[in-house]
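Observations on the model geometry
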Amino acid sequence: NTDLNASSTKHGLLPKLSGSTPSPTTWAVPANVIIMAADEVNDNATPNTLENLTGMAFSVTAGETYWFSAVIPYTAAATTTGSRWVTSGPAITMLNGWSQYTLTATTLTSNFFSAHAIPAGCNASSLAAGNVAFIEGVFKPSASGTLQLQFASEVAGSAITAKAGAILEWRRVA
């Protein structure tokens, strides 16, 4: 296709601008990336208690719009221990997102949300190892604060462990 230019500094292709070479900085909003440095365990004595994923958060300004995406590998103390993966943060004008996470070796839990802390309950199972949670959305706060990723274990005292290397990418988009 002659309407596209390959970029040497960004992944993918960019549209041509009237025969000139486009500048990647005019086409891409810089991404901010956070990588979780250490494992985080939630084995709270009260089932379904949300805990922050340390460092998996970013500051937001009222009236600005943000996109975020997270991939979080995790383990479970038992296959009968489910989990949930959510956002918390300041009051919102808009929050549209989805989350998916392991249920069994061939199935997953899938949620759509328009408020923080959704879903309200955990799923019913996990694999002992090899689980992954995805959370992605677009967020416009009505108050400044911090968007924070959180997780919970379905079973009292049964650990869900978010693994080091989990990644959160976010951008201010408007």
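Here the structure is a predicted model, which is why all the values come from computation and not from measurement.

Some points on the pairing of strand β13 (residues 167-172)
The side chains of a regular strand alternate, first on one face of the sheet and then on the other. Two elements, strand β3 (residues 32-35) and β13, share 4 bridges in a ladder whose sense is antiparallel. Looking across to β13, one finds that Val33 is bridged to Glu169. As defined by bridge partners, strand β6 (residues 66-76) adjoins β13 across 6 bridges and the pair is classed as antiparallel. Bridged to Trp67 within β13 is Arg171.

Some words on the confidence of the model for the protein chain
For the protein chain, the average pLDDT comes to 89, and 83% of its residues sit at 70 or higher. A low-confidence stretch, residues 1-14 stays under pLDDT 50, and its non-local contacts, those more than four residues away or across chains, total 25 contacts.

Overview of the sheet that holds strand β7 (residues 83-88)
Taken in spatial order, the 3 strands of this open sheet run β5-β11-β7, and their pairing is antiparallel. Edge strands, defined here as strands with exactly one partner in the open sheet, are β5 (51-60) and β7. Neighbour-to-neighbour, the strand axes of the sheet open up by a mean angle of 15°, direction not taken into account. Examined bridge by bridge, β5 and strand β11 (residues 145-153) share 6 bridges and lie antiparallel to one another. Counterpart to Ala57 in the pairing with β11 is Gln148.

Quick notes on the pattern of salt bridges
Taken as a whole and assessed by the stated rule, the structure comprises 3 salt bridges. Linking Arg171 and Glu169 is a salt bridge whose minimum nitrogen-to-oxygen distance equals 3.1 Å. Among the residues examined, Arg171 registers a relative accessible area of 24% and is labelled partly exposed. The class of Glu169 is partly exposed, set by a relative accessible area of 24%.

Cut-offs and rules
Within each chain, residues carry numbers counting from 1 in the order of the written sequence. In keeping with the predicted nature of the model, local features appear solely for residues at pLDDT of at least 70, side-chain atom pairs appear and are counted solely at 80 or more, and the whole-chain, interface and lining totals rest on all residues. Hydrogen atoms and water are omitted, and side-chain values are computed over all heavy atoms in the structure. A pair of strands is treated as paired once DSSP finds two or more bridges between them. Helical segments are the DSSP runs of H or I of at least four residues, strand segments are the runs of E of at least two, and each set is numbered from the N terminus. pLDDT: the predictor's confidence for each residue, scored from 0 to 100. Residue contacts are defined here by distance: any two heavy atoms, one from each residue, within 4.5 Å place the two residues in contact. Think of each axis as a best-fit line through the C-alpha atoms, taken over the contacting stretch in the case of a helix, with angles from 0 to 180 degrees between the N-to-C directions. What counts as a salt bridge is simple: a side-chain nitrogen of Lys or Arg found within 4 Å of a carboxyl oxygen of Asp or Glu. The buried label applies to any residue whose accessible area, calculated with a 1.4 Å probe on protein chains only, is under 20% of its type's maximum; exposed applies above 50%, and partly exposed to all values in between.

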